[in-house]
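Examination of the molecular architecture
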Protein chains: 2
Amino acid sequence: MVPEIIHSCIKRIARLPGIGQRQASRIVFSLLRSKEHVATPLVTDLEHLLLLQSCSSCSFPHEPRETTLCTICANPHRNKNTIMIIEKETDLLTIEKAKIFNGTYFVLGSLVNPIEPDSEHRFNLQPLLVRITTNPEIKKEIIFALSPTATGNLTATHIGRILKEHNVHTTHLGRGLPNGGDVEFTDEETIIAAFTNRK
Amino acid sequence: MVPEIIHSCIKRIARLPGIGQRQASRIVFSLLRSKEHVATPLVTDLEHLLLLQSCSSCSFPHEPRETTLCTICANPHRNKNTIMIIEKETDLLTIEKAKIFNGTYFVLGSLVNPIEPDSEHRFNLQPLLVRITTNPEIKKEIIFALSPTATGNLTATHIGRILKEHNVHTTHLGRGLPNGGDVEFTDEETIIAAFTNRK
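The present account deals with the structure reproduced in this document.

Reading the values: rules and limits
Residue numbers here run from 1 along each chain, matching the order of that chain's written sequence. Here chains are named by letter from A upward and ligands by number from 1 upward, in the order in which they appear as written. With pLDDT at 70 or above as the cut-off, local features in this predicted model cover only qualifying residues; side-chain atom pairs require 80 or more to be listed or tallied, and sums for whole chains, interfaces and linings still use all residues. Calculation of side-chain values draws on the structure's entire complement of heavy atoms; hydrogens and water are dropped beforehand. The rule for pairing is simple: two strands pair if DSSP sees at least two bridges between them. For the purposes of this entry, the term helix denotes a DSSP run of H or I that reaches at least four residues, the term strand denotes a run of E that reaches at least two, and both are numbered from the N terminus. With axes taken as lines fitted to C-alpha atoms, and helix axes fitted only over the stretch in contact, angles between N-to-C directions fall between 0 and 180 degrees. What makes two residues a contact is simply this: any of their non-hydrogen atoms within 4.5 Å. Least-squares superposition aligns the copies on the C-alpha atoms of those residues with pLDDT at or above 70 in both. Joining two parts hides part of their accessible area as seen by a 1.4 Å probe, and the buried area is that hidden amount summed over both. When a carboxyl oxygen of Asp or Glu is within 4 Å of a side-chain nitrogen of Lys or Arg, the pair counts as a salt bridge. Polar contact is the term for a pair of N or O atoms within 3.5 Å; when the atoms are in protein, one must be able to donate a hydrogen and the other to accept it, and sequence-neighboring residues count only if both atoms are side-chain atoms. Ten residue types, Ala, Val, Leu, Ile, Met, Phe, Trp, Tyr, Cys and Pro, are classed as nonpolar, four, Asp, Glu, Lys and Arg, as charged, and the remainder, Gly among them, as polar.

As for the sheet that holds strand E3 (residues 83-86) of chain B
All names here are of chain B. Strands sit in the order E4-E3-E5-E6 across an open sheet of 4 strands; the sheet is parallel. Strands with a single pairing partner mark the edges of an open sheet, and in this sheet they are strand E4 (104-107) and strand E6 (170-172). For this sheet, the mean inter-axis angle between neighbouring strands, taken without regard to orientation, is 30 degrees. Examined bridge by bridge, E3 and strand E5 (residues 142-144) share 3 bridges and lie parallel to one another. Note that in E5 the partner of Ile-83 across the bridge is Ile-142. Packing of helix H5 (residues 89-97) onto the sheet brings it into contact with E3 and E4, and relative to E4 it is tilted by some 155 degrees.

Some details on the relation of the copies chain A and chain B
The operation relating chain A to chain B is a screw motion whose rotation component is 179 degrees, with 0.1 Å of axial translation and a residual RMSD of 0.2 Å. Within this description, the copies of the chain are treated as partners about a two-fold rotation axis. Among all residues of chain A, the one whose C-alpha sits closest to the rotation axis is A:Val43, at a distance of 3.2 Å. The residues that chain A uses at the interface reappear at the interface of chain B in 100% of cases, marking a shared surface.

What to know about the interface of chain A and chain B
Contact residues are listed per partner, giving 53 residues for chain A and 53 residues for chain B. For chain A, the biggest contributors to the area lost against chain B are A:Met1, A:Ile5 and A:Leu50; these three give 14% of the whole. The interface formed by chain A and chain B includes 4 salt bridges. Residue B:Glu89 pairs with A:Arg33 through a salt bridge whose shortest N-O separation is 2.8 Å. Counting across the interface, chain A meets chain B through 16 residue pairs in polar contact (both at pLDDT 80 or more). Mapped onto the side of chain A that touches chain B, the elements with two or more residues apiece are helix H1 (4-14), helix H2 (21-33), helix H3 (35-49), strand E2 (61-62), helix H4 (71-74) and helix H5 (89-97) of chain A. Here the element with the most residues in the side of chain A that touches chain B is H3(A); it accounts for 12 residues. Its residues assigned to classes, the side of chain A that touches chain B comprises 30 nonpolar, 12 polar and 11 charged.

Structural data, given as structure tokens:
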């Protein structure tokens, strides 16, 4: 009764991050109800999105052009000697907004997850290791900017071990009270970090 | 720095039901990370989805074919003399699953919303009125299957008034305790309805 393509779309949309089966079917029928103003322009944009390429150096997406580098990695004003390792592209946007870092990035795309077997083999560190080998200056500092969570810490430990084999010096974003935070409601680990990092 | 098409996709996805700006950007970057297995098949499916047509009688979507009717309205075994008015396509699916109704539907697509001006003029009742005129048997009963909420009730009242002008007899889905419900936590209106509808 329901066209097969509707089921197929619902299934695919339900697999996107944070969307469930019910919301997916609401989305599909709402797309059908506003084809002209919502669905058609969305599909056109998604087609265009798929043309983007991943930077060969950091894997951040960029418009297809003669170079395989994204605008950050291709920018001559960015310091190629420092790399910041981040989990996802949106983390990069947050860090760029702060205008504090002028180096380049390396986007992992995922984190090591202790309950998923082989999750530590999912990210491809090869482009990072190539960068280290071709520019030994990088060994002076690679910054981990991973979220201070169980999986973030595990990932940093895992990659840190590999980088150590290449004699890379690694640092991590400082831990302490966040701006606007309340001492009363701060967890123990953060208090300890804030106390240790006092200045 | 971020390709313009990414911003555009985020904006469009954030307009889909139940999705916010943050989730939209997570979705866009996750699509970019799994182009081959997720994004490309999704875009192909969405293109196919856009080819679906709205039934000229009830507005439920159907595959393009020689008739302008959906599989329910075109089914000779369905009773064309009874119409059930529903808000959205997913409501139809729930009702069909119960296998209690053998008539045809009329999908409104939206409800009257008192805080949105002109929301009562948004749905096109013309196909419904045409059906009533061409088949006076329908006047014996049109069933409202709208959710018992403020907007659902308002919509039923609004459309009910128009149908009355055409001498249509209307009924509403019964109200009472839902299966598995707990008397203790049932609201006053439902208790009153359940008491009144006791049998």
